[in-house]
Amino acid sequence: MMKKPALLSDTERLIQMLAEKDSQIEKLNKQIEAYKNELEALPLDTGASKPASEAFPDIIGSGKEMADIFTLLSQVAASSTTVLITGETGTGKELIARAIHQASPARGKAMVTVNCAAIPASLMESELFGHEKGAFTGAMESRAGKFEQADNSTLFLDEIGELPLLLQAKLLRVLQERVVERIGGNKSIKVNVRIIAATNRELQREVMNGTFRNDLYYRLNVFPIALPPLRHRREDIAALAGFFATKQAKAAGKNITGISRKALQDLRNYTWPGNIRELQHVIERSVLLNGDGVLRTIYLPDAPDRKYLEEAAQEEPIRTLDEIDREYILKVVNHCKGRISGPHGAAVLLGMPSTTLISKMQRLGIKKEHFIERDF
Ligand SMILES: Nc1ncnc2c1ncn2[C@@H]1O[C@H](COP(=O)(O)OP(=O)(O)OP(=O)(O)O)[C@@H](O)[C@H]1O
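What counts, and at which threshold
Residues numbered from 1 in each chain as written. Predicted model: local features only at pLDDT ≥ 70, side-chain atom pairs only at ≥ 80, totals over all residues. Heavy atoms only, no water. Near = heavy atom within 4 Å. Polar contact = N/O pair within 3.5 Å; in protein donor to acceptor, adjacent residues only side chain to side chain. Areas by Shrake-Rupley, 256 points an atom, 1.4 Å probe, with all protein chains shown as cover. Domains from an automatic or database assignment. Axes fitted to C-alpha atoms, helices over the stretch in contact; angles between N-to-C directions. Helix = DSSP H or I, 4+ residues; strand = E, 2+ residues; numbered from the N terminus. Parallel < 35°, antiparallel > 145°, perpendicular 65-115°, else oblique. Contact = heavy atoms within 4.5 Å. Nonpolar A, V, L, I, M, F, W, Y, C, P; charged D, E, K, R; others polar. Buried < 20%, exposed > 50% of the residue type's maximum accessible area, 1.4 Å probe, protein only. Phe/Tyr/Trp six-rings, centres within 6.5 Å; stacked < 30°, edge-to-face > 60°.

**Side note on the site of the ligand**
Here is step 1 of the chain: Ile60, Thr89, Lys93, Leu95 and Gln280 are the nearest of the 17 residues found near the ligand.
Here is step 2 of the chain: In this structure, isoleucine 60 approaches the ligand through a main-chain N or O atom, which is 2.9 Å from a nitrogen atom.
Here is step 3 of the chain: Contact with the protein chains removes 85% of the 630 Å² of surface that the ligand exposes when unbound.
Here is step 4 of the chain: Here the shell around the ligand spans two domains, since at least three of its residues come from each of domain 1 (64–134 + 141–230) and domain 2 (233–304).

Encoded structure:
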């Protein structure tokens, strides 16, 4: 009778020892897994790092999102249809525009590019449409604008959302009539130009705000291509990293043989606010800072920078009350199909007399051409 408790306690001790061993083995396994991840390298040049489409050799991406983009590209490239490419900064809008041009019948001629954000508004009209000698102070020679330069080719209007309203009206006329007039000139010059426009702004929102003409928006948005941010296509990160690392290693005369699992994990965990351009720069820097062999360390922006970028991306820009009023009034007026007065008009919904609403709209610069739908 006395021996039984001792036997039980031996068994208990044995169970306890086994449990401890088990947890030690589990810990060791985890460590081995971590070392393996650290040491095991994947080749840089996986099949996916090669172009997914022969027709578009500079574009990497084999995930579903990019497959859809390749389909759109092959549907539109051969035509002369106007294309509107949208997407956050660094998602590849210019690359896609070039790819369309290269696959179009105009590929033998250079694509002409205008960055609507980089040229001051005062010079933009002459940049686009050209000028005659003496048309304004400093116009020493006549000059053809980008439209004439792009005759029988492609004109890429980058950052179209930045174009001032006055020039939007002039651009619309050229797109409708396919004819330009140089500043100070009296001749109408016929142009045969394929337009590709790009923007990182939400143009529909700009139309609602009255900062982008809706008639121009519809004229540009004939064949829209929306590029996804990199954080929505993480499956392409390894292929893109391999592509950029191979390129950079070659340029820097380095022998990079692969990329570690840990490095790939770091790349996949990051949010990429600067999209593919940021990935390209991070890989270029990492290749330069690593030794030859396996790419093990990825030099991402420091933690405070990352935190700042993520916060900045989430933060709404501060807007004035007038801007908010303007946006809200336009929203309600559009909801009422452009009706201001009467039982179904915007004034009733906003709880004010129609005369007050009209004078408010005048003060805020809201005009009929800003309405999306008009029922009058
Ligand atoms: N799918 C891709 N495959 C390979 N390289 C890419 C891809 N997408 C973008 N890139 C590269 O990323 C960089 C940024 O692309 P690009 O300049 O076309 O972006 P963007 O959207 O026009 O940027 P922004 O709005 O800032 O002008 C370029 O060096 C481009 O070659």
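Okay, back to it.
**Quick notes on the packing of helix α4 (residues 121–129) against helix α6 (residues 165–177)**
Here is step 1 of the chain: Close contact between α4 and α6 brings their axes to 11 Å; oriented N to C, the two are set at 10°. Considering the angle they form, α4 stands roughly parallel to α6. On the side of α4, the interface is formed by Ala121, Met124, Glu125 and Phe129, while α6 contributes Leu167, Lys170, Leu171 and Val174.
Here is step 2 of the chain: Along the lines of polarity and charge, the residues of the contact of α4 with α6 split into six nonpolar, no polar and two charged.

**What about the side chain of glutamate 148?**
Here is step 1 of the chain: Structurally, the position occupied by glutamate 148 is in helix α5 (residues 146–149).
Here is step 2 of the chain: A relative accessible area of 18% places glutamate 148 in the buried class.

**With respect to the packing of aromatic side chains**
How two aromatic rings sit relative to each other is given by the distance of their centres and the angle of their planes.
Here is step 1 of the chain: Scanning all chains against the criterion turns up five aromatic pairs.
Here is step 2 of the chain: Relative to phenylalanine 70, the ring of phenylalanine 56 lies with its centre 6.2 Å away and its plane at 25°, an arrangement referred to as stacked. With phenylalanine 56 in the loop between β1 (41–43) and α2 (64–76) and phenylalanine 70 in helix α2, the pair connects residues that are 14 residues apart, well separated along the chain.
Here is step 3 of the chain: Judged by its relative accessible area of 4%, phenylalanine 56 is buried.
Here is step 4 of the chain: Given the relative accessible area of 10%, phenylalanine 70 is considered buried.
Here is step 5 of the chain: Note on phenylalanine 129 and phenylalanine 147: the rings are 5.8 Å apart at their centroids and 20° apart in plane angle, and the pair reads as stacked. On the criterion of sequence distance, the pair formed by phenylalanine 129 in helix α4 and phenylalanine 147 in helix α5 is long-range, its members being 18 residues apart. The two residues phenylalanine 129 and phenylalanine 147 agree in class, both being buried.

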